[in-house]
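# Structural overview for review
Now for the letters of each chain:
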Amino acid sequence: KLPVSGYPQDGLKVHVESNMVRLSGRRSHKDDKSGTHSAASFDYSFTLPQDSKLQDITSALDPNDGTLHVRVGRNTKKLPEPKTPVSIPIIRNEVTKAKAGQ
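Here the structure is a predicted model, which is why all the values come from computation and not from measurement.

### Side note on the sheet that holds strand β1 (residues 2–3)
Strand order in this open sheet of 4 strands is β1-β6-β5-β8, and the pairing throughout is mixed. Edge strands, defined here as strands with exactly one partner in the open sheet, are β1 and β8 (90–92). Bridge analysis of strand β5 (residues 52–62) against strand β6 (residues 67–74) gives 7 bridges, and the strand direction is antiparallel. In the strand pairing of β6, L61 is matched with L68.

### Describing the sheet that holds strand β2 (residues 12–17)
The 4 strands are arranged β4-β3-β2-β7 in an open sheet whose pairing can be described as antiparallel. Whereas interior strands pair on both sides, the edge strands pair on one side only; in this sheet they are β4 (36–47) and β7 (86–88). Taken pair by pair, the neighbouring strands of this sheet meet at an average axis angle of 20°, ignoring direction. Pairing analysis gives 3 bridges linking β2 to β7, with the strands arranged antiparallel. Considered in β7, the bridge of V14 is made with I88.

### Section: the pairing of β6
When β1 meets β6, the two strands line up antiparallel, connected through 2 bridges. Bridging from a neighbouring strand, L2 pairs with L68 of β6. The hairpin turn running from β5 into β6, its antiparallel successor, is 4 residues long, and G66 in that turn takes a positive phi close to 65°.

### A word on the packing of aromatic side chains
Aromatic ring pairs are reported here in terms of the distance separating the ring centres and the angle at which the planes meet. Across all of its chains, the model carries 3 aromatic pairs by this definition. Aromatic pair F42 and Y44: ring centres 5.6 Å apart, planes at 35°, arrangement tilted.

### Concerning the nonpolar core
Counting residues in hydrophobic clusters, the biggest one holds 15 residues, and the most contacted among them are V4, L12, V14 and F42. For this core, the secondary-structure elements that each account for two or more residues are β2, β3 (20–31) and β5. Ranked by residue count, the leading element in this core is β2, at 3 residues. Sequence-distant contacts of V14, defined by excluding residues within four places in its chain, comprise V21, R22, L23, S59, L68, V70, V86, S87, I88 and I90.

The rules we used
The numbers attached to residues start from 1 for each chain and follow its sequence in the written order. Side-chain atom pairs in this predicted model are given and counted only at pLDDT of 80 or more, local residue features only at pLDDT of at least 70, and totals for whole chains, interfaces and linings cover all residues. Excluding hydrogens and water, the side-chain figures rest on all heavy atoms present in the structure. DSSP-based pairing: two strands are paired if at least 2 bridges between them are found. Helix and strand assignments come from DSSP, with helices taken as H or I runs of at least 4 residues and strands as E runs of at least 2, each series counted from the N terminus. Helix axes are fitted only over the stretch in contact, all axes being lines through C-alpha atoms; the angle between N-to-C directions runs from 0 to 180 degrees. Aromatic pairing here means that ring centres of Phe, Tyr or Trp (its six-membered ring) are within 6.5 Å. Orientation follows from the plane angle: under 30 degrees is stacked, over 60 is edge-to-face, and everything else is tilted. The term nonpolar core refers to a set of buried residues drawn from Ala, Val, Leu, Ile, Met, Phe, Trp, Tyr and Cys, joined through side-chain atoms within 4.5 Å. Summary of the burial criterion: residues with accessible area below 20% of their type's maximum are buried, those above 50% are exposed, and those between are partly exposed, where the area comes from a 1.4 Å probe applied to protein chains only. Note on contacts: a residue pair is in contact if any heavy atoms of the two residues lie within 4.5 Å.

Below you can see the structure in the form of structure tokens.
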């Protein structure tokens, strides 16, 4: 999991290429009153275990705490590496207050 509070969902990306998962994000803010502009970004790469199930990698954004969760399924046999990068969609977890308190 990765704290990404303050980053818009459309500014976040999760990609898998070969045996690496890459998490990146970009945000910017323009203050019309002062005329200032600020920007921030991050880019992390992690090596996946050899027994990762590439088709079972999921990501989800928790809007309550601003955390990006990436889950990697595991396999008993090694799958061939994809020839092209694979984009993993980020879904937004909708957790109601009643469910969160349980």
